[in-house]
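Fold and geometry: a report
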Amino acid sequence: MSFLKEISQSLISAINKLKGSTGDEASIKDFIRDIQRILIRADVSINIVLELSKNLEKAAKEPPPTSFTKKDIILKKLYDGLIEILGGKKPYTLYLDPTKTNILMLVGIQGSGKTTTAAKLARYYKIRGYIPGLICADTYRLGAYYQLKQLAEKIQVEFYGSLEEKDSIKIALDGIKYLKEKKCNVIIIDTAGRHKDEKNLMEEMKNLSLKINPDHVLLVIDGTIGQSAYNQAKTFNENTKIGSIIVTKLDGSAKGGGAISAAKATNAKISFIGTGEGIEDFEVFNPVSFVNRLLGLGDLEALANRIEEAQVKEQISKERFLAGEFTIKEMVMQIKEFRKAGPLGKLLSLIPGFNMNLPDDVLKSAEESLKKWEAIINSMTAEEIKDPKIIDKSRIRRISKGSGTEVKDVEKLIESYFMIKRNIKRLKRVGFAFPTR
Ligand SMILES: Nc1nc2c(ncn2[C@@H]2O[C@H](COP(=O)(O)OP(=O)(O)OP(=O)(O)O)[C@@H](O)[C@H]2O)c(=O)[nH]1
Ligand SMILES: [Mg+2]
């Protein structure tokens, strides 16, 4: 059974087990352990797994919005967490300029799947109306020329290569000229890969990319190497500016989760994934649809959306906020909500006088602090949220420990809360009319 099928089946069965349980503490603990096991088996890094488990545990402690259960909230957290691990909600799209010839160069170590991927990419763009052409700039392996030529014939796209020329830069430049004459608007250059001999490989890639100046360099990484993908991506990126990453062989590898999460850790975007040897086993990488597929029919997506709607509804009204009637938790949630609509500064600038009354550093740090603030709020008791005045030094220490923040972060949040509240109330008192939008 392939990795994707296997991880998908284990995730779905863990989810069903939780759904069928009473949702008591023990079954939630069980569920979190199941998820840990599955992700570790998929080679996702320990830190990421621990972070996700921590979030799940935290979710288990939060009161769910009306008409939802703890189980729902935990499933939503899992859904969000998996998407985050895989790169976030926004998929990366490789932009091609339709008005010019786009030059794409594939790099990667030996056997990572460059040549196969070059053909898959060409087919992908051909189907979408482009005129792709392939260049074999691999002068190290004799078979490389025939391998790519054959693939080009199979998918019926133009091909350029040379059996005599040994200079890969010259081949690439000649190829670009030749394929431009053939009216190709997507030129894909397949390069050589070598094992171990990393220094030479990096040197060649650097020179190639300097001389050819491709629009986009794609690093091809073998999905079976797991977390060592991190170092590979890093080394390549230090030598050649990597535009995006393609992770191959996700069909066969038990370690696919490692490669994807490691690639993400380098901050490079994953543009495509290879899911089989066949030329059509290739797709744009979209974390949301990937997770939906892993988890079955997308019912978790629907659940996550419903919970989000409910959470927004339960947020306090803007009127109450602007009347200065809000708890510290509501303040953080509200700021988060406003921030979704744009930078926090935009909200604050809607309220004349607000900026004036807030020290600069509170304003500036608010954006960065938001994540910490959420953690802090989650570590506060209901009583403390209701009446932050009771939070003394020892409570502050407990909260900072529980939220993994520093004492001064907790102090600052409480201070900001009282300050914002005071300012809003003061403005209201002097008869300032708050904008309602
Ligand atoms: N199962 C599976 N196999 C793949 C995938 N992509 C490539 N392969 C296989 O991996 C092997 C190596 O692929 P190549 O495309 O030749 O790799 P390469 O990076 O060009 O190799 P060198 O040119 O020698 O550096 C071949 O047997 C491919 O069929 C994939 O997504 N899934
Ligand atoms: Mg090759």
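Residues numbered from 1 in each chain as written. Chains lettered and ligands numbered in written order. Predicted model: local features only at pLDDT ≥ 70, side-chain atom pairs only at ≥ 80, totals over all residues. Heavy atoms only, no water.

1. Some remarks on the nonpolar core
We count it as follows: In this description, a nonpolar core means a group of buried Ala, Val, Leu, Ile, Met, Phe, Trp, Tyr and Cys residues linked to one another through side-chain atoms lying within 4.5 Å. Classification of residues uses two cut-offs on accessible area relative to the type maximum, computed with a 1.4 Å probe and protein chains only: under 20% is buried, over 50% is exposed, and between them is partly exposed. Numbering of helices and strands runs from the N terminus, with a helix taken as a DSSP run of H or I at least four residues long and a strand as a DSSP run of E at least two residues long. Where a domain begins and ends is set by an automatic assignment or by a domain database. In what follows, residue pairs with any heavy atoms lying within 4.5 Å of each other are defined as contacts.
The biggest cluster of nonpolar side chains holds 76 residues, and the ones touching the most others in it are Phe31, Ile189, Phe236, Ile245 and Leu295. The element best represented in this core is helix α4 (residues 70–85), accounting for 8 residues. For this core, the two domains that each supply at least three residues are domain 1 (3–90 + 294–309) and domain 2 (102–285). Not counting the four nearest positions on each side in its chain, Phe236 is found in contact with Val107, Gly108, Ile109, Leu201, Met202, Met205, Leu219 and Ile242.

2. Re helix α10 (residues 256–265)
Most of α10 is tucked away: 8 of the 10 residues are buried. Buried within α10 are the following residues: Gly256, Gly257, Gly258, Ala259, Ile260, Ser261, Ala262 and Ala263. Backbone geometry just downstream of α10 places Asn267 in the positive-phi region, at approximately 75 degrees.

3. Points about the pairing of strand β1 (residues 102–107)
For the record, the criterion: Two strands qualify as a pair provided that DSSP identifies no fewer than 2 bridges between them.
Counted residue by residue, β1 has 6 buried out of 6 residues, so it is predominantly covered. Judged by which residues are buried, β1 turns out to be covered on both faces: Asn102, Leu104 and Leu106 on one side and Ile103, Met105 and Val107 on the other are all buried. The sheet contact formed by β1 and strand β4 (residues 186–191) spans 5 bridges and is parallel. The residue bridging Leu106 from the neighbouring strand is Asp190, located in β4. In the sheet, β1 pairs with strand β5 (residues 216–222) via 4 bridges, with the strands oriented parallel. Counted as the bridge partner of Val107 is Leu219 from β5.

4. Here's the deal with a nonpolar patch on the surface
Going by this rule: Patch definition: residues above 30% relative accessible area lacking any salt bridge, with like charges linked at up to 9 Å and the nonpolar side chains Val, Leu, Ile, Met, Phe, Trp and Tyr linked at up to 5 Å. Residue exposure ignores everything except the shown protein chains as possible cover, and the areas themselves are Shrake-Rupley values with a 1.4 Å probe. The term salt bridge refers to a pairing of a side-chain nitrogen on Lys or Arg with a carboxyl oxygen on Asp or Glu at a separation within 4 Å.
A surface patch of nonpolar side chains, amounting to about 270 Å² of accessible area, comprises Ile40, Ile46 and Leu50. Relative to the helices and strands, Ile46 is located in helix α3 (residues 46–61). Looking at Ile46, the relative accessible area reads 46%, which means it is partly exposed.

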